[in-house]
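# Examining the three-dimensional arrangement
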Amino acid sequence: MTSRIAAAIATCALSLGALASGAGVATAAPSATNGAAGDSPSLRSAINARAAAVDRCSYQVVRSHDSRYVYSVSGVFSGGARELTPQKEDYVRFSDEWRKVVQVDACTGGQGQAPTALRVTGKLDHPEHYDPSVPRTIHSNDLKPAASSVIPKAPVLTSVDRLDAATVRVTWKPAQGNPDQVILMERKPFYSSEVGVWHPYTFQRNVQAGATSMDRKLERHPDIPPASRSHSYWMRVVNGGFVSDLRAEKPVSVEP
């Protein structure tokens, strides 16, 4: 599949998928203020971000996203700053706004020292395609990580039961701590009308307060490729601007 087709699938799926899950279309974060490339004060806070410790080694960064840039997270230590290894990342909807959530490892390479701050850097991808006025590098402010207690816990998914040939009931334990939003994550085949193919796509289904189950329809179209027919479900929680540990998500899969 050509890169053009792949890009079309991603764009179409993101917009239509967001609409199907009851959200607005995901868009890129506002671009950095135009000006000379470099490290001027106006560019050091061009990335809106916050950070928290997930555990002793893992840190979660929730940030704005401008798709023109390639991002990295660095930790600030007594010996200087070093880039941290990504563990997992995903787009997450906070109310009506999409953010990128990235979890990084500060202990890679035997390092045991906790960072005093985290810093997000974005470097313009393919700068030759952009006017010189577009900043080549953007940064967040230095982020002091919040305590691990701010990272919410997702409820355990207990079962995916087939109700009939085309319907399953997904059940989970009650959410603890009154989070801002409980989310059922659903990965299933999605049809991209722009390029005329079925492919896996992940949807974010907001759960009503107090609910512990949701019925979901299975996609059973005969044109779905065998490798893309599986459906998977897992739970996620958003609270106080942070997300439950992405590494702890354990999808339960069923075949239609």
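Note that the coordinates shown come from a computational prediction; the quantities given were computed from them, not determined experimentally.

About the cut-offs
Residues numbered from 1 in each chain as written. Predicted model: local features only at pLDDT ≥ 70, side-chain atom pairs only at ≥ 80, totals over all residues. Heavy atoms only, no water. Salt bridge = Lys/Arg side-chain N within 4 Å of Asp/Glu carboxyl O. Helix = DSSP H or I, 4+ residues; strand = E, 2+ residues; numbered from the N terminus. Buried < 20%, exposed > 50% of the residue type's maximum accessible area, 1.4 Å probe, protein only. Pairing = 2+ DSSP bridges. Axes fitted to C-alpha atoms, helices over the stretch in contact; angles between N-to-C directions. Disulfide = S-S within 2.5 Å.

On inspection of all chains with the given rule, the structure shows 13 salt bridges. A salt bridge links Lys 100 to Glu 89; the shortest N-O distance between them is 3.7 Å. One end of the pair, Lys 100, is in strand S6 (residues 97-105); the other, Glu 89, is in strand S5 (residues 85-94), with eleven residues separating them in the sequence. Glu 186 is paired through a salt bridge with Arg 216; the nearest N and O atoms lie 3.3 Å apart.

The side-chain alternation of strand S13 (residues 213-217) yields one buried face, formed by Met 214 and Arg 216, and one unburied face, formed by Ser 213, Asp 215 and Lys 217. Pairing between strand S10 (residues 167-172) and S13: five bridges, direction antiparallel. Considered in S13, the bridge of Thr 167 is made with Lys 217.

An order of S1-S2-S6-S5 is seen for the four strands of this open sheet, with the pairing classed as antiparallel. The open sheet has two free edges, formed respectively by strand S1 (49-53) and S5, since each of these has just one partner strand. Looking at each pair of strands side by side, their axes are set apart by 20° on average, direction ignored. Looking at chain direction, strand S2 (residues 58-63) and S6 are connected through six bridges and run antiparallel.

What follows covers the state of the cysteines. Under the counting rule described, the total for this entry stands at one disulfide. Two residues share a disulfide in this structure: Cys 57 and Cys 107, whose sulfurs sit 2.0 Å from each other. Given an S-S torsion of about -90°, the disulfide between Cys 57 and Cys 107 has left-handed geometry. Here Cys 107 lies in the loop between S6 and strand S7 (117-124) and Cys 57 lies in the loop between S1 and S2, a separation of 50 residues in the sequence. Taken individually, Cys 57 and Cys 107 each receive the classification buried, so the pair is uniform in this respect.

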